[in-house]
Amino acid sequence: MSSRAWAWRKARALFAHAFANMTEYRAEIAIWMISGSLPLVMMAMWIGLAADGPVGGYAAADFAAYFLVVFLVRQATAVWVVWELDREIRLGELSPKLLRPIDPLWGHVVDNLAEKAVRLPLVLLPVVGGMWWAGARVPFTVESLAGFALLVAGAWVIRFFQEYATGSLTFWTDQTAGLERVWFTVSVVLSGALAPLDLFPATVRSALAFTPFPYLVDAPVQALLGRLTGVELATALAVQAAWGAAFVIGARWLWSRGLRRYGAVGA
């Protein structure tokens, strides 16, 4: 059997195990979905503000479409690997995983993807129902759908490896949970989860364009809504890819350095 076929066989086995495990915790996944309902709260607030007329070019139906897609994006890119790494490293649970013939990274990746396979069908129903109720229109085109899919995938890569990098800091400190909370708070404010970035001052938007935050939420949403097209879409994809590569490299470097420290203390 070739190495590629063997790798594919291992990947299928990992995913099948993770998917079976996730289907046993559907109620827990539903709770995670509810805990991520902040975009729906913000939708209600902005729809109320737009009741007497558009705000910054957004009518009530536009706000509904925006925040329903925000809800979808955040559900599709939810990651929890920082908490797993924090526990595994501090409590020594990582040790038996290091004895297996596969990098622990791939176990976390597959767990995340399997969870999405269970979560996303549950998410689509309220999103589609909300769109119909609000009279929101989404201009589905090949460009908008392709751009949305690529940007969502890129957002997940950034979130996953940012958390993996933060979690790897547990090799040196027990304050990773606090660091992650700071990142999460900043991300919520600057990613477009609380308000479309179109409503921010132009100088703020220009500065944010060089950070990873707009590409976590606002860019995928605007791509699906047809507000991010052509050169702007290509630029967003390029900048997001650069940040994704930076986080992948940073996370793997911290992990490799951290393993040396982990082994040195006899864990």
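Calculation criteria
Residues numbered from 1 in each chain as written. Predicted model: local features only at pLDDT ≥ 70, side-chain atom pairs only at ≥ 80, totals over all residues. Heavy atoms only, no water. Helix = DSSP H or I, 4+ residues; strand = E, 2+ residues; numbered from the N terminus. Buried < 20%, exposed > 50% of the residue type's maximum accessible area, 1.4 Å probe, protein only. Contact = heavy atoms within 4.5 Å. Areas by Shrake-Rupley, 256 points an atom, 1.4 Å probe, with all protein chains shown as cover. Axes fitted to C-alpha atoms, helices over the stretch in contact; angles between N-to-C directions. Parallel < 35°, antiparallel > 145°, perpendicular 65-115°, else oblique. Phe/Tyr/Trp six-rings, centres within 6.5 Å; stacked < 30°, edge-to-face > 60°. Salt bridge = Lys/Arg side-chain N within 4 Å of Asp/Glu carboxyl O. Left-handed = near helix turned anticlockwise from the far one by under 90°. Nonpolar A, V, L, I, M, F, W, Y, C, P; charged D, E, K, R; others polar. Polar contact = N/O pair within 3.5 Å; in protein donor to acceptor, adjacent residues only side chain to side chain.

A word on the overall build of the protein
Each helix and strand counted, the protein has 12 helices and zero strands in total. The N-to-C order of helical and strand elements in the protein reads α-α-α-α-α-α-α-α-α-α-α-α. Looking at the protein as a whole, 42% of its 267 residues qualify as buried. Sequence-distant contacts, at least 24 apart, represent 82% of the contacts inside the protein between residues at least 6 apart. Total accessible area computed for the protein in this model is approximately 13800 Å², and 68% of it derives from carbon and sulfur atoms.

Thoughts on the packing of helix α5 (residues 81-91) against helix α9 (residues 176-190)
Where α5 contacts α9, the two axes come as close as 10 Å, and the packing angle between them is 170°. When the interaxial angle is binned, α5 and α9 end up roughly antiparallel. Together, V82, W83 and D86 of α5 and T176, A177, E180 and R181 of α9 make up the contact between the two elements.

Re the packing of aromatic side chains
One pass over the structure, following the stated rule, counts 15 aromatic pairs. Judged by centre distance (5.2 Å) and plane angle (25°), the rings of Y58 and F63 are stacked. Here the two residues Y58 and F63 agree in accessibility, since each one is buried. Aromatic pair F171 and Y262: ring centres 5.8 Å apart, planes at 70°, arrangement edge-to-face. Of this pair, F171 sits in the loop between α8 (142-168) and α9 while Y262 sits in helix α12 (residues 230-264), placing them 91 residues apart in sequence. On the accessibility criterion, F171 (7% relative accessible area) is buried. Using a relative accessible area of 6% as the deciding quantity, one classes Y262 as buried.

Regarding the pattern of salt bridges
Under the definition given, this model contains eight salt bridges. Salt-bridge contacts for D103 lead to R252; the nearest nitrogen and oxygen are separated by 2.4 Å. Highlighted residues: D103 in the loop between α6 (94-98) and α7 (104-134) and R252 in helix α12, separated in sequence by 149 residues. Classification of R252 as partly exposed rests on a relative accessible area of 26%.

A closer look at the side chain of H108
Within the element layout of this structure, H108 appears in helix α7. Looking at H108, the relative accessible area reads 5%, which means it is buried. Here H108 is in contact with V81, E84, L85, E88, K97, F160 and Y164, once residues within four sequence places are set aside.

Comments concerning the packing of helix α4 (residues 60-76) against α8
Running from N to C, α4 and α8 cross one another at 50°; their axes reach a closest spacing of 9 Å. Taken together, the axes of α4 and α8 lie oblique to each other. Viewed along their axes, α4 and α8 form a crossing whose handedness is right-handed. For the pair formed by α4 and α8, the contact residues are V69, L72, V73, R74 and A76 on the first element and F148, V152, W156 and R159 on the second. Of the residues in the contact of α4 with α8, the class split is seven nonpolar, no polar and two charged.

Brief notes about the environment of V81
As for its placement among the helices and strands, V81 is situated in helix α5. Judged by relative accessible area, which is 1%, V81 ranks as buried. When the C-alpha atoms of V81 and N112 are compared, they prove to be 8.4 Å apart, with 31 residues separating the residues in sequence. Among residues more than four places away in sequence, those in contact with V81 are H108, F160, E163 and Y164.

Some thoughts on the side chain of S144
Positionally, S144 belongs in helix α8. In this structure the side chain of S144 is engaged in a polar contact, spanning 2.9 Å, whose partner is the backbone nitrogen of T141. If we skip the residues at most four places from it in the chain, S144 touches P139, A223 and L224.

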